[in-house]
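# Coordinate inspection notes
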Amino acid sequence: MHLFNSQPRTLYDLLEVRSLLEGESARLAALRGTEADFVLIERAYQALLQAHEQALEPAALARLDHAFHLAICEASHNPVLVHTLQSLNDLMLGSVFACVNNLYHREPEKRQIDKQHAKLFNAVIGRQPEQARRAAADHVDSVRQNLAEIEQEEQRLVRATLRLEGWT
């Protein structure tokens with residue numbers, strides 16, 4: 001967490017790692033997941049969908065979003081992969097919180113994330129390993145891109161405000 005708090009760019013580095021690890025987790029879950037795993041994934045997914053209707057606080061939504069991704073990882077049946085992601089739990093939850101806090105209140109981005117989660121869910125449950133890998137990686141890459149665009153937009157707003165106030 002110190003690295004995350006002291007280095008602002010760490011969020012983007014973490015999202016790169018998430019893309020790799022979660023993509024492989026999803027691929028393995030589609031290959032190795034059991035019916036019990038799929039029930040747990042579906043429960044996590046349904047809880048996430050219900051939370052959207054309840055307008056929960058960002059931190060609560062982030063925990064449910066993270067639980068969905070973790071359920072997929074656990075279905076990979078690769079204990080080293082699960083342990084690796086769990087060892088990064090605080091960082092992972094922080095990156096999911098950044099996504100929820102910055103993207104969920106923007107309707108186009110939220111719809112996009114909802115579609116990506118549905119695509120990921122369906123690919124894993126449908127035992128489509130390459131589609132699951134691609135869906136997970138695309139989802140995380142899209143979040144990274146959206147957050148970067150928001151950051152650039154905020155920088156443009158600051159520069160425009162400074163010009164407006166005569167600071168440049």
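About the criteria used
- Sequence order sets the numbering: in each chain, residues are counted from 1 along the sequence as written.
- At least 70 in pLDDT is required for a residue's local features to be given in this predicted model, at least 80 for side-chain atom pairs to be given and counted, and no such filter applies to totals for whole chains, interfaces and linings, which use all residues.
- Hydrogens and water are ignored here; the side-chain numbers use all heavy atoms of the structure.
- Secondary structure elements are taken from DSSP: a helix is a run of H or I of four residues or more, a strand is a run of E of two residues or more, and numbering for both begins at the N terminus.
- Only protein chains enter the area calculation, which uses a 1.4 Å probe; residues under 20% of their type maximum are buried, those over 50% are exposed, and those in between are partly exposed.
- Axis definition: a line fitted to C-alpha atoms, limited for helices to the stretch in contact. Angles are taken between N-to-C directions and run from 0 to 180 degrees.
- If you view the pair so one helix is near and one far, a crossing is left-handed when the near helix is turned anticlockwise from the far one by less than a right angle, and right-handed when it is turned clockwise.
- Here, two residues are considered to be in contact whenever any of their heavy atoms come within 4.5 Å of each other.
- Under this grouping Gly is polar, as are all residues other than the nonpolar Ala, Val, Leu, Ile, Met, Phe, Trp, Tyr, Cys and Pro and the charged Asp, Glu, Lys and Arg.
- Buriedness for pockets is judged along seven lines, at least five of which must meet protein on both sides within 12 Å for an open set on the 1 Å grid over protein atoms alone, while cavities are sets there where a 1.4 Å probe fits but cannot get out, and lining residues have an atom within 4 Å of a point.
- Grid points are joined across faces, edges and corners, and a volume is the space filled by probe spheres set on the points.
- Working definition of a nonpolar core: buried Ala, Val, Leu, Ile, Met, Phe, Trp, Tyr and Cys residues. They are joined through side-chain atoms within 4.5 Å.
- Any Phe, Tyr or Trp ring, taking Trp's six-membered ring, that has another such ring centre within 6.5 Å forms a pair; planes under 30 degrees apart are called stacked, those over 60 apart edge-to-face, and the others tilted.

At His77, a residue that is not glycine, the phi angle is positive and equals roughly 55°. In this structure, Arg127 takes a positive phi of about 55° despite not being glycine. With respect to the helices and strands, Arg127 occurs in the loop between helix H7 (107-125) and helix H8 (129-164). Look at Arg127 and you get partly exposed, because its relative accessible area is 36%.

At a closest axis distance of 11 Å, the pairing of helix H2 (residues 10-32) and helix H5 (residues 79-87) adopts a crossing angle of 145°. Crossing angle aside, the handedness with which H2 passes H5 is left-handed. Listed contacts from H5 to Leu21, Glu24, Ser25 and Leu28 of H2 are Leu81, Thr84 and Leu85. Each residue belonging to the contact of H2 with H5 can be placed in one class, and the counts come to four nonpolar, two polar and one charged.

Once that is clear, we can look at empty space enclosed by the protein. Gaps left between atoms are located by rolling a probe of water-molecule size over the structure's atoms. The full count for this structure, using the stated rule, is three cavities of 30 Å³ or more. Taken as a whole, the largest cavity holds about 40 Å³ of empty space. For the lining of the largest cavity, the residue count by class is four nonpolar, two polar and one charged. Estimated volume of the second largest cavity: approximately 40 Å³. If you trace the second largest cavity, you find it lined by Arg18, Asp65, His69, Val96, Cys99, His139 and Val143. Contributing elements (two or more residues each) for the lining of the second largest cavity: helix H4 (58-74), helix H6 (89-103) and H8. Of the residues in the lining of the second largest cavity, the class split is three nonpolar, two polar and two charged.

Another aspect to go through is the nonpolar core. Ranked by internal contacts, the top residues of the largest apolar core, which has 36 residues, are Ile41, Phe68, Ile72, Leu120 and Val124. At the level of elements, H2, helix H3 (35-54), H4, H6, H7 and H8 are the ones that each hand at least two residues to this core. No other element matches H8, which puts seven residues into this core. Apart from the residues lying within four places of it in its own chain, the contact partners of Ile72 are Ser25, Ala26, Ala29, Ile41, Leu120 and Val124. Grouped together as the second largest cluster of nonpolar side chains are ten residues, Leu28, Cys73, Val82 and Met92 included.

Once that is clear, we can look at the packing of aromatic side chains. In total, this model carries two aromatic pairs according to the counting rule given. Aromatic side chains Tyr45 and Phe68 sit 5.4 Å apart centroid to centroid with 40° between the ring planes, which places their arrangement in the tilted category. With a gap of 23 residues between them, Tyr45 in helix H3 and Phe68 in helix H4 connect regions that are remote in the sequence. Residue classification places Phe68 among the buried residues on the basis of a relative accessible area of 0%. Relative to Phe121, the ring of Tyr45 has its centre 4.4 Å away and its plane inclined at 10°; by these criteria the two rings are stacked. Note that Tyr45 is positioned in helix H3 and Phe121 in helix H7, a separation of 76 residues in sequence. You can call Phe121 buried: its relative accessible area is 9%.

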